[in-house]
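Next come the chains, spelled out residue by residue.
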Amino acid sequence: MKKYMILIFLLVLVAACLLGCGKGQQEDAAAPTVEDSVENSEHLTTDHIVAANETTSSLQYCDGQITSRFSLEEGDTWRWVDEPTFPLDGTKITEFLTELQALAELPEIPLAGDLSLYGLDDPQKYITLDSEAIEGSIYIGDQREDGTWYLMLENADHLHIIPDAFVQLLSRSVYDMA
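All values reported here derive from a predicted model rather than from experimental measurement.

A. View of the packing of aromatic side chains. Using the criterion set out here, one finds seven aromatic pairs in the structure. Summarising the aromatic geometry, the rings of Trp80 and Phe86 are spaced 5.1 Å apart at their centres and angled 80° between planes, so their arrangement reads as edge-to-face. Residue Trp80 is classed as buried on the basis of its relative accessible area, which comes to 11%. What makes Phe86 buried here is its relative accessible area of 12%. Joined through ring pairs, the aromatic side chains of Tyr61, Phe70, Phe96 and Phe166 make up one cluster.

In structure tokens:
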């Protein structure tokens, strides 16, 4: 009888582990990776970032833990994708895109080595823009000693150094945007 109880316990444990592994894979599948390629023939560039306020129709960003998704509807009304009836203040999204535009003016720094040196081999923080012209992701790597962060556009061969204040915008609760 004791053998059967141990066997049942082990089977339940294995089943729980398998279910847990499956959930992790599904959640990870939604997050873009640096190795993902854009289906469009054109890649995200700083020129697209400069035009972000005028061209972006959907925005997704993740602070490493929570992913927020927004879409532009009815011409100039931003909606929270996960709760479309939420009273979102669209100016907060416009402000975010304006801050993103300012980052495009930062100087480019050539990649000097493996992406893991910058925390960009498996970035947990990212921004994904979608418009008629382009779809692409922006990855945020490790924080530097001076408090700034590494940023890389999808498929780029260079980095940007961005201020911590912008990265903190990724952690702003959607409820603070009501």
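B. Quick look at unusual backbone geometry. With phi around 65°, Asn155 is a residue other than glycine that occupies positive phi space. Mapped onto the fold, Asn155 is located in the loop between strand E7 (149-153) and strand E8 (158-162).

C. Molecular detail of the confidence of the model for the protein. Mean pLDDT over the protein stands at 78; residues scoring 70 or higher make up 69%. Per-element confidence in the protein ranges from a low mean pLDDT of 48 for helix H1 (residues 2-30) to a high of 94 for helix H5 (residues 164-169). In the model, residues 16-29 has pLDDT below 50 throughout and makes zero contacts with residues more than four positions away in sequence or in other chains. Across residues 33-41, confidence stays below pLDDT 50; counting only partners more than four residues off in sequence or on other chains, it has 21 contacts.

D. Spotlight on the sheet that holds strand E1 (residues 56-63). The eight strands lie next to each other as E3-E2-E1-E5-E6-E7-E8-E4, forming an open sheet whose pairing is antiparallel. Looking at strand neighbours, the two that pair on one side only are strand E3 (77-80) and strand E4 (109-110), the edges of this open sheet. Note: strand E6 (residues 135-143) against E7, four bridges, orientation antiparallel. Each residue of the ladder has a partner; that of Ile140, found in E7, is Leu151. Relative to E1, helix H4 (residues 90-103) is tilted by about 80°, and along the sheet it contacts E1, strand E2 (67-73), E3, strand E5 (125-131), E6, E7 and E8.

Conventions adopted
The numbers attached to residues start from 1 for each chain and follow its sequence in the written order. Per-residue local features of the predicted model are confined to residues with pLDDT of at least 70, and side-chain atom pairs are confined, for both listing and counting, to 80 or more; whole-chain, interface and lining totals are unaffected and use all residues. The side-chain numbers reported here are obtained from all heavy atoms of the structure, hydrogens and water having been left aside. In this scheme Phe, Tyr and Trp rings, the latter by its six-membered ring, pair at centre separations within 6.5 Å, and the angle between planes marks the pair as stacked below 30 degrees, edge-to-face above 60, and tilted otherwise. Classification of residues uses two cut-offs on accessible area relative to the type maximum, computed with a 1.4 Å probe and protein chains only: under 20% is buried, over 50% is exposed, and between them is partly exposed. Helix and strand definitions follow DSSP, with helices as H or I runs of at least four residues and strands as E runs of at least two, each counted in order from the N terminus. Every residue is assigned a pLDDT by the predictor, reflecting its confidence on a scale from 0 to 100. Any two residues whose heavy atoms approach within 4.5 Å are treated as being in contact. By definition, two strands form a pair when at least two bridges between them are found by DSSP. Here an angle of 0 to 180 degrees is reported between the N-to-C directions of two axes, which are lines fitted to C-alpha atoms, with helices fitted over the stretch in contact.

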